[in-house]
Amino acid sequence: MYQFKIEPLAQLELAGYDVSFTNSSLFMVLVLGALWLFMAGGMKREMVPGRWQMAVEGVTGFINNMLTANVGPEGKKYVPLVFSLFMFILMANFMGMMPFGIVPGVHPFTITSHLTVTAVLALFSFGTVLVVGFWRHGLHFFSLFVPQGTPLALMWLIPVIELFSFMIRPFSLALRLFVAMTAGHILMKVLAGFVINGLNAEAAWVPLIVSFPAFILMIGITLLELLVCAIQAYVFALLTSLYINDAVNLH
């Protein structure tokens, strides 16, 4: 499980707390740098946009359409938030798939394979929903837990179920992304171990029986994991937009 190990790159201590700069911190900075480069290269606002500008406008338009469909016209206000979450998760996922290991002493690190990172992203999304909900509706926001048409006989049960479902949202957001990234990387690591150990075996038949099939399967799993990286970023953004809709369009 070396690929998930957090290692300090620069030992730092502040007020008795360990705030060392780690490999996780490094990859967060790399992700933010890649995101800044992506946006900087695509915000030239040329009359005839180039490919880079078209890519940025395409992603922005995709998030804008998602929020418009799920929230309505007011969803445009939240495009920067959902766009930032989507792009950060997408680039973090893809950054962990880059073949940095071909450079001696360099190891890729997937920050979204750690529950602490995904939990902070989920709590940020959940906190935004709470702030928007109470800011727009005040205490009437609690009516979210009493669906329209709820029978009086179930008033003691339905709000409890709705409240539990609402409070579990950040956990489901965090766990879904964390589990998908961790499981995929573990599977690729296991298959890579079969390939390497099979090639190092003394018996000549082992590479043909073990390494070659494992290598073919590893290629397929790698392509699938790349797809999962994009899907998980999309699911996170989609669920965030749906949660925002609950806060904005409260009935």
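Description of the structure in this document. (Residues numbered from 1 in each chain as written. Predicted model: local features only at pLDDT ≥ 70, side-chain atom pairs only at ≥ 80, totals over all residues. Heavy atoms only, no water.)

Some points on the overall build of the protein
Each helix and strand counted, the protein has seven helices and four strands in total. When the helices and strands of the protein are read in sequence order from the N terminus, they spell out β-β-β-β-α-α-α-α-α-α-α. Along the first, second and third principal axes, the C-alpha atoms of the protein reach 75 × 55 × 45 Å. Intrachain contacts of the protein at a sequence separation of at least 6 include 66% that bridge at least 24 residues. When the accessible surface of the protein is totalled, it reaches about 14700 Å², and 75% of it is carbon and sulfur. For the protein, the centre of its 10 positive side-chain charges and the centre of its 10 negative side-chain charges are spaced 10 Å apart. (Helix = DSSP H or I, 4+ residues; strand = E, 2+ residues; numbered from the N terminus. Contact = heavy atoms within 4.5 Å. Areas by Shrake-Rupley, 256 points an atom, 1.4 Å probe, with all protein chains shown as cover. Lys, Arg positive; Asp, Glu negative; His and termini not counted. Charge placed at Lys NZ, Arg CZ, Asp CG, Glu CD.)

Some points on helix α1 (residues 23–42)
Note that an α-helix has 3.6 residues per turn; residues three or four places apart therefore point the same way. With 20 residues, α1 should reach 28 Å at 1.5 Å per residue; the first-to-last C-alpha distance of 29 Å fits that figure. For α1, the complete set of buried residues consists of N23, S24, F27, V31, L35, F38, M39, G41 and G42. Considering only its buried residues, α1 is in contact with β1 (8–10), β4 (21–22), α2 (51–70) and α3 (79–95). Two or three places before S24, at the start of α1, stands the capping residue T22, its side-chain oxygen 3.3 Å from that residue's backbone nitrogen. (Expected span 1.5 Å × (residues − 1). Buried < 20%, exposed > 50% of the residue type's maximum accessible area, 1.4 Å probe, protein only. Polar contact = N/O pair within 3.5 Å; in protein donor to acceptor, adjacent residues only side chain to side chain.)

Let's talk about the layout of surface pockets
Estimates place the volume of the largest pocket at around 630 Å³. Surrounding the largest pocket, 23 residues form its lining, Q3, M98, G101, P108 and K189 being those nearest its centre. At the level of elements, α6 (169–199) and α7 (206–248) are the ones that each hand at least two residues to the lining of the largest pocket. Across the lining of the largest pocket, the residue classes break down as 15 nonpolar, seven polar and one charged. If you add up the space inside the second largest pocket, you get close to 240 Å³. In this structure, the second largest pocket is lined by 15 residues; those nearest its centre are N23, F27, G105, V106 and H107. Per-element tally for the lining of the second largest pocket: the top contributor is α1, with four residues. Classifying every residue of the lining of the second largest pocket gives nine nonpolar, four polar and two charged. (1 Å grid on protein atoms, 1.4 Å probe; cavity = no way out; pocket = protein on both sides within 12 Å on 5 of 7 lines; lining within 4 Å. Points joined across faces, edges and corners; volume = space filled by probe spheres on them. Nonpolar A, V, L, I, M, F, W, Y, C, P; charged D, E, K, R; others polar.)

A short note on unusual backbone geometry
The backbone phi angle of A15 is positive, close to 55°, even though this residue is not glycine. Mapped onto the fold, A15 is located in the loop between β2 (13–14) and β3 (17–18).

Side note on the nonpolar core
Formed by 58 residues in total, the largest nonpolar core has its most connected members in I63, F86, M87, F236 and I244. The set of elements that each furnish at least two residues to this core consists of α1, α2, α3, α4 (115–137), α6 and α7. It is α3 that provides the largest number of residues to this core, a total of 13 residues. (Core = buried A, V, L, I, M, F, W, Y, C linked by side-chain atoms within 4.5 Å.)

A closer look at the pattern of salt bridges
One pass over the structure, following the stated rule, counts two salt bridges. The closest approach of N and O atoms between R136 and E74, which form a salt bridge, is 2.7 Å. Separated by 62 residues along the polypeptide, R136 in helix α4 and E74 in the loop between α2 and α3 bring together distant segments of the chain. Accessibility expressed as a relative area gives 30% for E74, which makes it partly exposed. (Salt bridge = Lys/Arg side-chain N within 4 Å of Asp/Glu carboxyl O.)

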